[in-house]
Amino acid sequence: MLYDYLIVGAGLAGIAFAETAIQNEKNVIVVSDDSQNSSVVAGGLYNPVILKRFTEVWQSQSQLNLMTEFYAKLEQKLNSKFDYKIPLLRKFYSVEEQNNWFTASDKPGLINYLSTNLIGSNYKSIDAPFGYGEVLQTGYVDTFALIEAYKSYLKSTNSLIEETFSHDKVIIQEEFLEYKNLKVKQIVFAEGFGMLSNPFFKTLPLDGAKGELLLIKAPNLNVNVIIKSSIFILPIGNDLYKVGATYNWVDKSSTPTEEAKLELLNELNELIQCDYEVLEHYAGVRPTVKDRKPMLGSHPVYNNLHVLNGLGTRGVMLAPAMAKMLFDSIEKDIPLDDYVNIRRFKNAFSSLYQNE
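Quick caveat: nothing in here was measured; it's all calculated off a predicted structure.

Notes on the packing of aromatic side chains
How two aromatic rings sit relative to each other is given by the distance of their centres and the angle of their planes. Summed over all chains, the structure comprises 16 aromatic pairs. Aromatic side chains Phe165 and Phe189 sit 5.8 Å apart centroid to centroid with 80 degrees between the ring planes, which places their arrangement in the edge-to-face category. Of this pair, Phe165 sits in the loop between strand S10 (160–162) and strand S11 (170–172) while Phe189 sits in strand S13 (residues 182–189), placing them 24 residues apart in sequence. In this structure an aromatic cluster arises from ring pairing among Phe165, Tyr179, Phe189, Phe200, Phe201 and Tyr302. One residue, Arg286, lies across the ring of Tyr247, its end atom 4.0 Å from the ring centre. Above the face of the Tyr339 ring, Lys293 is positioned so that its terminal group lies 4.7 Å from the ring centre.

Overview of the nonpolar core
Tyr5, Phe17, Tyr71, Leu308 and Met322 are the most contacted members of the largest nonpolar core, which has 64 residues in total. A total of 11 residues in this core trace back to one element, the largest contributor, which is helix H7 (residues 315–332). Excluding residues that lie within four positions of it along the chain, Tyr5 makes contacts with Phe17, Ala21, Lys26, Asn27, Val28, Ile29, Gln186, Val188, Phe327, Ile330 and Glu331. By size, the runner-up hydrophobic cluster in this structure holds 30 residues, among which are Val170, Met195, Val289 and Phe345.

Parameters at a glance
Residues numbered from 1 in each chain as written. Predicted model: local features only at pLDDT ≥ 70, side-chain atom pairs only at ≥ 80, totals over all residues. Heavy atoms only, no water. Phe/Tyr/Trp six-rings, centres within 6.5 Å; stacked < 30°, edge-to-face > 60°. Helix = DSSP H or I, 4+ residues; strand = E, 2+ residues; numbered from the N terminus. Lys NZ or Arg CZ within 6 Å of the ring centre and 35° of its normal. Core = buried A, V, L, I, M, F, W, Y, C linked by side-chain atoms within 4.5 Å. Buried < 20%, exposed > 50% of the residue type's maximum accessible area, 1.4 Å probe, protein only. Contact = heavy atoms within 4.5 Å.

This is the structure:
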């Protein structure tokens, strides 16, 4: 059998590309060893505003529209619930912060996302004398449930190989690619931080930001929205909340650290005034890029090898849109947006020719 696509990685990026290809009547095979767990341990938040700088996320509305349709179809297909649309409230610490919010809400790119209604201090366990600002069109995707359900679907169609991908087993023929006993037309590498071990694309400037978060049980917190301060508090039901997240650009392991746990607990204790219990502590390395943009493209020599990476902290929003963009580039010859095209890294891109 000749597969249209072999996809390496079953995180958000790999799943989004696999499903995009399947919806376009392509047959796929996915190889994954779950070594990169950033999608699984992610908070899964989506938010169209970069609150630190009060700027709109690139192509935010089109990403949100595509994301909503994409996850709705997946929920129906897999008979599961993943996408939870709930408000995000940014806690204010001063009148000045309130004023900055209302000034930002007048910006053309933010007018549809920043509510001009000041939200009062409605939560007894959080001291917020200056209230909150509400970000619209927000929510979260249960990434763990999504990935597990989609992997089960792939297994049911004999489309998942659970093993470590061996890059040295790729044999490039004139009309197709061979990988072990498989024949495929195209390979898409959606390996996350694991791309640094990929000989075809490892010269691209993929960085990594380790993130850690906690799962707590807090029966008296009684919060039904996402609270954003120096950390976020995300309610997931049954008095359970995700609390995150840290950023570490030095440690590239997926091992939870006591240092990050203490950092989160200190921030949490400043934010809430109620008892809680820490149930879990998660860690993963986000695939980030120094210019904070995704990396999409094809190898300059082997044009049937492709990369889909660098989704960073916004994988939930970016994955469906970036998967479609790469698919359209491969199948319809629609040029990639310069914003995400790996050709923007001229030195790194040219060094890919060394694999010739």
